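Residues per chain, in single letters:
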Amino acid sequence: LFSAVEMAPRDPILGLNEAFNADKRPDKVNLGVGVYTNEEGRIPLLRAVVEAEAALTAARAPRGYLPIEGIAAYDKAVQTLLLGNDSPLIQQGRVITTQAIGGTGALKTGADFLKRLLPDATVAISDPSWENHRALFEAAGFPVRNYRYYDAFSNGVNRGGLLEDLKNLPARSIVVLHACCHNPTGVDLTPEDWQAVLEIVREREHVPFLDIAYQGFGDGIEEDAAAVRLFAQSGLTFFVSSSFSKSFSLYGERVGALSIVVGDQEEGSRVLSQVKRVIRTNYSNPPTHGASVVAAVLNNPELRVMWETELGEMRDRIRTMRLAMVEQLADLNAKRDFGFVAQQRGMFSYSGLTTEQVERLRSEFGIYAVGTGRICVAALNTRNLPVVTKAIAAVL
Ligand code: PLP
Ligand code: TYF
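Computed from a prediction, not measured in an experiment: that's the story for all the values here.

Draft legend 1. Molecular detail of the overall build of the protein. Helix and strand counts for the protein come out as 15 helices and 13 strands. Seen through its principal axes, the protein has C-alpha atoms that stretch 60 × 55 × 55 Å. Counting every position in the protein, which comprises 396 residues, the buried fraction comes to 44%. Here the analysis covers contacts within the protein between residues at least 6 apart in sequence; of these, 75% occur between residues at least 24 apart.

Draft legend 2. Fine view of the site of ligand 1. Ligand 1 sits among Gly34, Gly102, Gly103, Thr104, Trp130, His178, Asn183, Asp211, Ala213, Ser243, Ser245 and Gly256. With 3 residues, the top contributor of residues to the shell around ligand 1 is helix H5 (residues 102-117). Partitioning the shell around ligand 1 into residue classes produces 2 nonpolar, 9 polar and 1 charged.

Draft legend 3. Broad picture of the nonpolar core. Core analysis: the largest hydrophobic core is formed by 110 residues, its most contacted members being Leu210, Val228, Val294, Val297, Met347 and Val377. Counting residues per element, this core draws most heavily on helix H12 (residues 301-331), at 8 residues. Each of two domains, domain 1 (14-44 + 313-395) and domain 2 (65-299), supplies a minimum of three residues to this core.

Draft legend 4. The domain arrangement of the protein, seen in detail. Here the protein is partitioned into domain 1 (14-44 + 313-395) and domain 2 (65-299). Once you take the C-alpha centre of each, domain 1 and domain 2 turn out to be 28 Å apart. The partner domain 2 presents 19 residues to the 19 residues of domain 1 that form the contact. Listing elements by their share of the side of domain 1 that touches domain 2, those giving two or more residues are H12 and strand S11 (348-350). Ranked by residues supplied to the side of domain 1 that touches domain 2, first place goes to S11 with 3 residues. The residue inventory of the side of domain 1 that touches domain 2, partitioned by class, reads 10 nonpolar, 6 polar and 3 charged.

Draft legend 5. Up close: the packing of H12 against helix H15 (residues 384-395). Where H12 meets H15, the axes come as close as 10 Å, and the angle between the chain directions of the two elements is 45 degrees. Taken as axis vectors, H12 and H15 run oblique relative to one another. The hand of the H12/H15 crossing is right-handed. Packed against H12, whose contacting residues are Met321, Ala324, Met325, Gln328 and Leu329, the element H15 presents Leu385, Pro386, Thr389, Ile392 and Ala393 at the interface. For the contact of H12 with H15, the per-class residue count stands at 8 nonpolar, 2 polar and no charged.

Draft legend 6. Molecular detail of the UniProt feature "domain: Aminotransferase class I/classII large" (unreviewed entry) in the protein. UniProt tags residues 27-392 as "domain: Aminotransferase class I/classII large" (unreviewed entry). Between the first and last C-alpha atoms of residues 27-392 the distance is 15 Å; the span itself is 47% helix and 15% strand.

Draft legend 7. Inspection of the site of ligand 2 at higher detail. Taken together, the neighbourhood of ligand 2 is formed by Asp11, Ile13, Leu14, Val33, Gly34, Trp130, Glu131, Asn132 and Asn183. Taken together, the residues of the shell around ligand 2 break down into 4 nonpolar, 3 polar and 2 charged. Taken domain by domain, the shell around ligand 2 gets at least three of its residues from each of domain 1 (14-44 + 313-395) and domain 2 (65-299).

Draft legend 8. Main features of the sheet that holds strand S8 (residues 207-212). Sheet architecture is open: 7 strands sit in the order S2-S10-S9-S8-S7-S3-S4, paired in mixed fashion. At either margin of the open sheet sits one strand with a lone partner, and together these are strand S2 (95-101) and strand S4 (144-148). Ignoring strand direction, the axes of neighbouring strands in this sheet form an average angle of 25 degrees.

Draft legend 9. Molecular detail of the pairing of S2. Among the 7 residues in S2, 6 count as buried, and that is most of the element. Where S2 lies against strand S10 (residues 255-261), 7 bridges are found, and the strand directions are antiparallel. Directly across from Thr97, in S10, lies its bridge partner Ser259.

Draft legend 10. Inspection of H5 at higher detail. The terminal C-alpha atoms of H5 lie 23 Å apart, and with 16 residues this matches the ideal 22 Å at 1.5 Å per residue to within 8%. Among the 16 residues of H5, 13 are classified as buried, and the element is accordingly described as predominantly covered.

Draft legend 11. Just the environment of Ala111, in detail. When you line up the elements, Ala111 lands in helix H5. Since 25 C-beta atoms lie within 10 Å of it, Ala111 is described here as buried. As for Ala111 and Phe239, which are separated by 128 residues in sequence, their C-alpha atoms are 9.9 Å apart. With residues near it in sequence (within four places) discarded, Ala111 still touches Leu136, Phe137 and Ala140.

Rules behind the numbers
Residues numbered from 1 in each chain as written. Chains lettered and ligands numbered in written order. Predicted model: local features only at pLDDT ≥ 70, side-chain atom pairs only at ≥ 80, totals over all residues. Helix = DSSP H or I, 4+ residues; strand = E, 2+ residues; numbered from the N terminus. Buried ≥ 20, exposed ≤ 12 C-beta atoms within 10 Å, placed from the backbone. Contact = placed C-beta atoms within 7 Å. Near = placed C-beta within 6 Å. Nonpolar A, V, L, I, M, F, W, Y, C, P; charged D, E, K, R; others polar. Core = buried A, V, L, I, M, F, W, Y, C linked by C-beta atoms within 7 Å. Domains from an automatic or database assignment. Axes fitted to C-alpha atoms, helices over the stretch in contact; angles between N-to-C directions. Parallel < 35°, antiparallel > 145°, perpendicular 65-115°, else oblique. Left-handed = near helix turned anticlockwise from the far one by under 90°. UniProt positions renumbered as here; feature names shortened; annotations may be inferred. Pairing = 2+ DSSP bridges. Expected span 1.5 Å × (residues − 1).

Spelled out as structure tokens, the structure:
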């Protein structure tokens, strides 16, 4: 049965973790996977999470099956986080939300539902994008194309290429957009870019699928939701996948959500029934713990403030590391100007390092980055930064 099974290629990012863990060098640094670590180099356990978990443990709640769509208070809180407290869409019942197994699970549930709805559609993702976007939509049966996005020359957005490619997609294509803190480049669209994208999406009747995995890591919770809110105000229907892996530092709990903005409440109940069918045939119903914690934090005013403060601390620390990296590289007279790193948003920087330079960082210095030159700036701290900047200056 298995004699002809071929070895599948490793995930280029998660595969790096295995190599990193096997590395015996004491001063090795992992800038590969997108995980936030604090000044001590550890994945933080947020105080708001600890408090919510203590209350949940004390309550000794039974662990029955959740509804297929998950915890109602969680789904509601996700909608408010995305669309704001006074969203008319929420009031009109025009948003349906289902709890998901991380942001990945939200994308997969949305993809499977879309395959039933638009079996012949094309999916378009940014060039470059999170590695899993292509694999996931291809696994759901769609052909996946790239639209131009990153301009290596300016370290910015290829605006002309982006808009032209979105125009030239077949009408009613599914367009996956990073709502904020683009992975892997750290380069986001401006409000004007978003407006232009929206107009083309409307004209071509594309289906926008906004992926938001870093809300709060860019400029703030509200600020980072601007693209979602722009689409919300447009009257269009669209999909949103949320992930709380990073913003709650709950990577292993797999907490995410799929939200769909529909035309009206009645349409919503039909759409929800179909999404529930996708969930039922995949994993029946979602797990309890992570979403209970997130719901408890988001729905309790004190814990909510505590979480926003901690999220702000993570955001500020990343920014400090970006600035320090730029400064140290300049002080080392590095053969390139890294000023653009300070402009990028979120956990990542497309550093411009070549595959060969990344390989030298690993073999000579024990510094792990993605082969594309993506580094996770959220894994830098005051101890490892000098090691990293010296190594970068050396391989340039
Ligand atoms: N979407 C993007 C853009 C990501 O970077 C990630 C990262 O993990 C995800 C989705 C998946 O999130 P999760 O880990 O919650 O599945
Ligand atoms: O891009 C990253 O590093 C994170 C984590 O298949 C990740 O989003 C990477 C690869 C993958 C799943 C998650």
